[in-house]
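Overview (structure and organization)
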Amino acid sequence: MSAAIGVIGAGAWGTALAQAMASNGSEVLIWAREAELVEEINTGHTNSLFLPGATLAPTIRATGDLADLAALPILLVVTPAQHLARVLKDLPDAPRDLVLCSKGIEAGTGRLMADVAAEAAPGAQIAVLSGPTFAHEVAAGLPTAVTLACGGGEAQWQRLSAALSRPMLRPYYSDDVTGAEIGGSVKNVLAIACGVVEGLGLGQNARAALIARGYAEMVRFGLALGGRAETLAGLCGLGDLVLTCSSTSSRNFSLGKALGEGQSAAEALSGKSSVAEGAHTAPVLADLARQHHVAMPIVDAVCRLLRGEAPARGVVAELLSRPLTAEVLEA
């Protein structure tokens, strides 16, 4: 099989993207770490571990050897954010388009994924695909729109949009890679907070208020790091925030709901095959916000809950008792 597109990472989102790319008959090569998963995809055309219930296109082939993807001109990178550097360093170096599809900030360094990828794969041109995307809906062929932020500008956009767009997967162009990354990273943490509201039974009013004030935190942080407000108002910011703060299909929302119901972070995270990236992102995001003198009280509250420093109701009460102020993005 001669594939033109490769997918690095066979979790739910990586598998869904492979399915979307194969929806027009294209051949797709997907890398999985687990040998048994490679076998299952190739023989049964399923991924029962990460995307149960989906029947995968026969033009999707799996491999456990990253070198098999070395010659492909476009790679969608869908490994968990905290493993990105290690995986890319194992990938044979070659000029190519690397489209980063995972959302997060590297723990320990505070680097965005584009910076991690640029160092680990210096010959590649970096883009970021981000937006309101539940994997099971994309895999089922339901309509989805995303931001495709291209570090290579219009020229890269022309290449990638032609290769990646599908009737049910519509990309929108941006050259604001930083803004696209920040939207996807911050919303994961805010989704945990919205899950806490659900777990505590605080109602829809509280959730809507938290989304709005969380969005203000996202914009403040994004502007401080060089992102643009219009990017964060789009699919990869506000759009993704609304989706993941409203459904237990979100791993981060489900984690927050468990915290609100009284579980510890360790209990809520144990035994999960998929990653709630917001749990890793929250502490590094809070540190970066302090370094840039950006107020992010909701993010700070999530960090306290993840550390088990206070019960959920107490943390919410502290948020509600903050000094009153005007409703502006900078407040």
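Above: the structure in question.
Now for a description of the structure that goes with this document. Owing to the predicted nature of the structure, the values given are computational and were not obtained by experimental measurement.

Every buried residue of helix α10 (residues 235-244) is accounted for by C236, G237, D240, L241 and T244. End-on view of α10: buried residues confined to an arc of 110 degrees, all on one side of the axis.

Attention now goes to the packing of aromatic side chains. Here the structure, examined in full by the defined rule, presents one aromatic pair. Residues W157 and Y173 carry aromatic rings whose centres are separated by 5.4 Å and whose planes lie at 50 degrees to one another, so their mutual orientation is tilted. A residue pair is termed long-range when its members are at least 10 positions apart, and W157 in helix α6 (residues 153-164) and Y173 in strand β8 (residues 169-174) qualify at 16 residues. Under the relative-accessibility criterion, Y173 is labelled partly exposed at 30%.

What follows is about the packing of helix α7 (residues 177-200) against α10. Closest axis-to-axis distance for the α7/α10 pair is 8 Å, and the angle between their directions is 20 degrees. Taken together, the axes of α7 and α10 lie roughly parallel to each other. Handedness of the α7/α10 crossing: right-handed. Residues A180, G183, G184, K187, L190 and A191 of α7 lie in contact with α10, whose contacting residues are C236, G237, D240, L241 and T244. The residue makeup of the contact of α7 with α10, split by class, is five nonpolar, four polar and two charged.

In this model, the largest pocket occupies a volume close to 1,000 Å³. For the largest pocket, the lining is made up of 42 residues, of which A12, W13, R251, S274 and V275 are closest to its centre. For the lining of the largest pocket, the residue count by class is 19 nonpolar, 15 polar and eight charged. Here the second largest pocket defines a volume of roughly 680 Å³. Contributing to the lining of the second largest pocket are 28 residues, with R213, I298, L319, L320 and R322 lying nearest its centre. Among the elements of the structure, α7, α8 (204-224), α14 (297-307) and α15 (312-320) are those that each provide at least two residues to the lining of the second largest pocket. A per-element tally of the lining of the second largest pocket places α8 first, with six residues. Taken together, the residues of the lining of the second largest pocket break down into 22 nonpolar, one polar and five charged.

This next bit is on unusual backbone geometry. Look at H45: it is not a glycine, yet its phi comes out positive at around 55 degrees. By the secondary structure assignment, H45 is in the loop between α2 (35-44) and β3 (60-63). Overall, H45 belongs to the partly exposed group, its relative accessible area being 24%. Even without glycine at this site, H293 takes up a positive phi of about 60 degrees. Here H293 shows up in the loop between α13 (277-291) and α14. The exposed category is assigned to H293, whose relative accessible area is 74%.

What counts, and at which threshold
- Residues numbered from 1 in each chain as written.
- Predicted model: local features only at pLDDT ≥ 70, side-chain atom pairs only at ≥ 80, totals over all residues.
- Heavy atoms only, no water.
- Buried < 20%, exposed > 50% of the residue type's maximum accessible area, 1.4 Å probe, protein only.
- Helix = DSSP H or I, 4+ residues; strand = E, 2+ residues; numbered from the N terminus.
- Arc of directions from axis to C-beta.
- Phe/Tyr/Trp six-rings, centres within 6.5 Å; stacked < 30°, edge-to-face > 60°.
- Axes fitted to C-alpha atoms, helices over the stretch in contact; angles between N-to-C directions.
- Parallel < 35°, antiparallel > 145°, perpendicular 65-115°, else oblique.
- Left-handed = near helix turned anticlockwise from the far one by under 90°.
- Contact = heavy atoms within 4.5 Å.
- Nonpolar A, V, L, I, M, F, W, Y, C, P; charged D, E, K, R; others polar.
- 1 Å grid on protein atoms, 1.4 Å probe; cavity = no way out; pocket = protein on both sides within 12 Å on 5 of 7 lines; lining within 4 Å.
- Points joined across faces, edges and corners; volume = space filled by probe spheres on them.

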